[in-house]
Amino acid sequence: MEKTLLTGDYIIVSKLHYGTRTPITPLQVPLTHQTLGSTGLPAYLDWIQLPFYRLPGFSRIKRGDKVVFNYPVERDRPIDLRTYYIKRCIALPGDLLRIDGGQVYVDEEPQPQYPGLQYRYYLKTKAALSKQFFTKHAIREHVPVRRGYVVHTTPEVAAALAKEASIQAVNRITIPKGVASPDIYPNSPALAWNLDYWGPVIVPAQGMTIDINQQTLAQYERVLTYHEGHEEVQIDDQHQLWINGQQVTTYIFRKDYYFMMGDNRHNSFDSRFWSFVPQDHIVGKAVLVLCSLDPHKRFLSKIRWSRFFRPV
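Residues numbered from 1 in each chain as written. Predicted model: local features only at pLDDT ≥ 70, side-chain atom pairs only at ≥ 80, totals over all residues. Heavy atoms only, no water.

Chemist: What exactly am I supposed to notice about the overall build of the chain here?
Modeler: A tally of helices and strands in the chain yields four helices and 20 strands. For the chain, the C-alpha radius of gyration of 22 Å lies close to 20 Å, the compact-globule estimate for 312 residues. Oriented by its inertia axes, the alpha-carbon framework of the chain measures out at about 65 × 45 × 35 Å. Residues classed as buried in the chain amount to 46% of the 312 residues present. (Helix = DSSP H or I, 4+ residues; strand = E, 2+ residues; numbered from the N terminus. Rg over C-alpha atoms; globule rule 2.2 N^0.38 Å. Buried < 20%, exposed > 50% of the residue type's maximum accessible area, 1.4 Å probe, protein only.)

Chemist: Can you help me understand the nonpolar core in this one?
Modeler: Proteins that are soluble and globular tend to have nonpolar side chains buried together. Among the nonpolar cores identified, the biggest contains 49 residues, and Leu97, Trp198, Phe259, Phe276 and Ile282 are the most heavily contacted of them. Contacts of Ile282, omitting those with residues within four sequence positions, involve Tyr18, Arg21, Arg54, Ile61, Val67, Val68, Phe69, Tyr258, Met260 and Val277. Counting residues in each nonpolar core, the second largest holds 15 residues, with Leu117, Phe134, Val151 and Ile167 among its members. (Core = buried A, V, L, I, M, F, W, Y, C linked by side-chain atoms within 4.5 Å. Contact = heavy atoms within 4.5 Å.)

Chemist: Would you explain the sheet that holds strand E6 (residues 109-110) in this entry?
Modeler: Pairing is antiparallel in the open sheet, where four strands are placed in the order E6-E5-E4-E11. With one partner strand each, in any of the chains shown, E6 and strand E11 (197-202) form the two edges of the open sheet. Pairing of strand E5 (residues 103-106) with E6, which is carried by two bridges, proceeds in the antiparallel orientation. Residue pairing across strands places Tyr105 opposite Pro110, the latter belonging to E6. (Pairing = 2+ DSSP bridges.)

Written out as structure tokens, the structure is:
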């Protein structure tokens, strides 16, 4: 979520907005998460797992919300004790989503370019650039390459860089359409998707029905096998779906799902890598930066005073 959020931000998360989630793993030490401090010892016992239930909230998740949730594919812990992630909600249950050249479309409507969105650029330079140069332009991520640098920054900063005398050219780096990235979900020969070209796909919604075929299995395999709560799910070599030993030709989703992306669009581990976020993994809405400490500085210089009590 860089620049929207920075490493070292301490964030207040409202669990009331979307409704408080009742405990799923009741046998855990209060005020801990996963482990007992630095001991590495588990702070919970998974002997008892209660059904998921969410109390009424005073709002629903909206596109653009910064949402805290449990990492969906962390299989070795109970749902409510999986690692916390924070990303921007891009698409809601039932939305038709696609990413075309880095531009997000929902139901064929282009989505806003939120303030602080970053992309990857190639800077062709006349000479090596100093650390002070990158600090001046608030660029935290920069890698030297042949005849220049690869940086992650906003379009506004990229436009300003193009006017610098030391820079010959500024070009946004986009992965071509049809070039599949092996680390991008679903990594299927049926769908050649990457960071900049993803979808189209309908975000699963509770009660939505799909026909089972090669394409839908590629799109929804992780949802079907990880999150729908079936004891046994198998997909055979003939692209057939078997649930608890019975072949299924159509499927009705049991849950609502959401698509999450980071604001640092070319350096964010998000739904493009691991698919959709189930409703029972949602923790709450990020509302306020309480305080912020720069991990790369020391003593009082660590404190980012300007970020105290800053709305997210």
